[in-house]
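Examination of the molecular architecture
Single-letter residue listing:
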Amino acid sequence: GAVVSQHPSRVICKSGTSVKIECRSLDFQATTMFWYRQFPKQSLMLMATSNEGSKATYEQGVEKDKFLINHASLTLSTLTVTSAHPEDSSFYICSAHRVGTEAFFGQGTRLTVV
Amino acid sequence: TQLLEQSPQFLSIQEGENLTVYCNSSSVFSSLQWYRQEPGEGPVLLVTVVTGGEVKKLKRLTFQFGDARKDSSLHITAAQPGDTGLYLCAGGQAGTALIFGKGTTLSVSS
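Report on the accompanying structure. (Residues numbered from 1 in each chain as written. Chains lettered and ligands numbered in written order. Predicted model: local features only at pLDDT ≥ 70, side-chain atom pairs only at ≥ 80, totals over all residues. Heavy atoms only, no water.)

1. A look at the environment of A:Ser9
Residue and element names in this part refer to chain A. In plain terms, the rule: What counts as a helix is a DSSP run of H or I of at least four residues, what counts as a strand is a run of E of at least two, and both are numbered from the N terminus. Three labels apply to residues, based on accessible area from a 1.4 Å probe with only protein chains included: buried if under 20% of the type maximum, exposed if over 50%, partly exposed otherwise in between. By definition, residues are in contact when any of their heavy atoms lie within 4.5 Å.
If you trace the backbone, Ser9 turns up in the loop between strand S1 (4-7) and strand S2 (10-13). Exposure remark for Ser9: the relative accessible area of 48% places this residue in the partly exposed category. A sequence separation of 82 residues divides Ser9 from Phe91, and the C-alpha atoms of the two residues are 9.4 Å apart. Setting aside residues no more than four positions away along its own chain, Ser9 makes contact with Gly108, Thr109 and Arg110.

2. As for the nonpolar core
Heads up, the condition is: In this description, a nonpolar core means a group of buried Ala, Val, Leu, Ile, Met, Phe, Trp, Tyr and Cys residues linked to one another through side-chain atoms lying within 4.5 Å.
Counting 24 residues, the largest nonpolar core has A:Val4, A:Trp35, A:Leu79, A:Tyr92 and A:Leu111 as the members making the most contacts within it. Looking at this core, the elements with two or more residues in it are S2, strand S3 (19-25), strand S4 (32-38), strand S5 (44-51), strand S7 (67-73), strand S8 (76-81), strand S9 (90-97) and strand S11 (109-113) of chain A. For A:Val4, the residues in contact, after removing those within four places along its chain, are A:Cys23, A:Arg24, A:Ser25, A:Phe28, A:Cys94, A:Ala96, A:Phe104, A:Phe105, A:Gly106 and A:Gln107. Formed by 20 residues, the second largest nonpolar core is a distinct cluster that contains B:Phe29, B:Val47, B:Val49 and B:Tyr87.

3. Some words on the interface of chain A and chain B
Using the following cut-off: The term buried area refers to how much accessible surface (probe radius 1.4 Å) is lost by two components on association, counted for both of them together. By definition, a salt bridge exists where a carboxyl oxygen of Asp or Glu is found within 4 Å of a side-chain nitrogen of Lys or Arg. Each polar contact in these results corresponds to two N or O atoms within 3.5 Å; when the atoms are within protein, one needs to be able to donate a hydrogen and the other to accept it, and residues that are neighboring in sequence are counted only if both atoms are side-chain atoms. Residue polarity follows a fixed list, in which Ala, Val, Leu, Ile, Met, Phe, Trp, Tyr, Cys and Pro are nonpolar, Asp, Glu, Lys and Arg are charged, and the others, Gly among them, are polar.
Facing 19 residues of chain A, the contacting portion of chain B comprises 24 residues. Buried surface at the junction of chain A and chain B, both sides included, amounts to about 1,500 Å², of which 60% is carbon and sulfur. For the pair chain A and chain B, the interface holds zero salt bridges. In this structure, the connection of chain A to chain B is made through four residue pairs in polar contact (both at pLDDT 80 or more). Tallied by class, the residues present in the side of chain A that touches chain B amount to nine nonpolar, nine polar and one charged.

4. Considering the state of the cysteines
What counts here: In what follows, a disulfide is any cysteine sulfur pair within 2.5 Å.
If you walk through the whole model with that rule in mind, you get two disulfides over all chains. Across the disulfide, B:Cys23 is cross-linked to B:Cys89 (sulfur-sulfur distance 1.9 Å). Residues B:Cys23 and B:Cys89 are joined by a disulfide whose S-S torsion is about 70 degrees; by sign, that bridge is right-handed. Here B:Cys23, found in strand S3 (residues 19-24), pairs with B:Cys89, found in strand S9 (residues 85-92); they are 66 residues apart in sequence, far enough to count as distant. For the pair formed by B:Cys23 and B:Cys89, the shared burial category is buried. A:Cys94 provides the cysteine sulfur closest to A:Cys13, a residue in no disulfide bond, and the two sulfurs are 18 Å apart. On the accessibility criterion, A:Cys13 (8% relative accessible area) is buried.

5. What about the side chain of A:Thr109?
Residues and elements named next belong to chain A. Checked against the element boundaries, Thr109 lands in strand S11. Overall, the relative accessible area of 0% leaves Thr109 in the buried class. One polar contact links Thr109 to Gln6, side chain to side chain, over a distance of 3.0 Å. With sequence-adjacent residues up to four places away left out, Thr109 is seen in contact with Gln6, His7, Pro8, Ser9, Val11, Ile21, Ser90, Phe91 and Tyr92.

6. Focus: the packing of aromatic side chains
Counted only if it meets this: What counts as a ring pair is set by centres within 6.5 Å for rings of Phe, Tyr and Trp (its six-membered ring), and what kind of pair is set by the plane angle: stacked under 30 degrees, edge-to-face over 60, tilted for all other angles.
By the definition in use, this model includes seven aromatic pairs over all chains. Relative to B:Tyr35, the ring of A:Phe105 has its centre 5.1 Å away and its plane inclined at 90 degrees; by these criteria the two rings are edge-to-face. One end of the pair, A:Phe105, is in strand S10 (residues 103-105); the other, B:Tyr35, is in strand S4 (residues 31-37), on a second chain. On the accessibility criterion, B:Tyr35 (0% relative accessible area) is buried.

7. Structural notes on the pairing of S8(A)
Residue and element names in this part refer to chain A. Spelled out, the test is: We call two strands paired when DSSP finds no fewer than two bridges between them.
Of all six residues that make up S8, six are buried, and the element is covered over most of its length. On S8, burial covers both faces: Leu76, Thr78 and Thr80 on one face and Ser77, Leu79 and Val81 on the other are all buried. Here six bridges tie S3 to S8, and the two strands are oriented antiparallel to one another. Each bridged residue has a counterpart across the sheet, and for Lys20 the counterpart in S8 is Thr80. In this structure, S7 lies alongside S8, joined through five bridges in antiparallel fashion. Within S8, the residue paired with Ile69 across the bridge is Leu79. Taking the residues between adjacent antiparallel strands as the criterion, S7 and S8 are bridged by two residues.

The values are spatial; any link to function lies outside them.
Given below as structure tokens:
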């Protein structure tokens, strides 16, 4: 089946630093990828839509200058959390659609900001 | 704004019991997916339903898509501890982000 790989799976960083999370579609091309944030025992909250070759579309309330998204190729999207603060600690998940609406998710990244 | 109402939000049952999770919306979806997620991992696709009235079975799991493509249900027969996890329904239109229900946290104890 389709595979989406997300890296790293866990990261701990100091307040004020930046962290980059990568999302790769391994066996298909994805012109669109999606980034979600998830709090414990809650559902996924869409943060932004990453479009290959163009600017990302951010959901209301998501700071685009804080969560930088780059989708430079058809198989790679990156999310950079800039000037991270403890409240940015969360589980971040990316997804890509192979055909139609069927989405495949990365393994997720547990970010802890200390 | 499209919304998916998923219920119940939490479910704690004994091994061997049956359960049903519901996902309802006022909007029509071109397809609806069910995912299962374990702590610290990404959601894993269980099934996609696309046709109104469609019923799909995956071992002890039965998925149904409503005739009007606005609602869906997941029924688990004879639940086992290994079924424990977060179950998510998600609806979508082609090329757009999925809309997720709030999820159902299922705990099956032996």
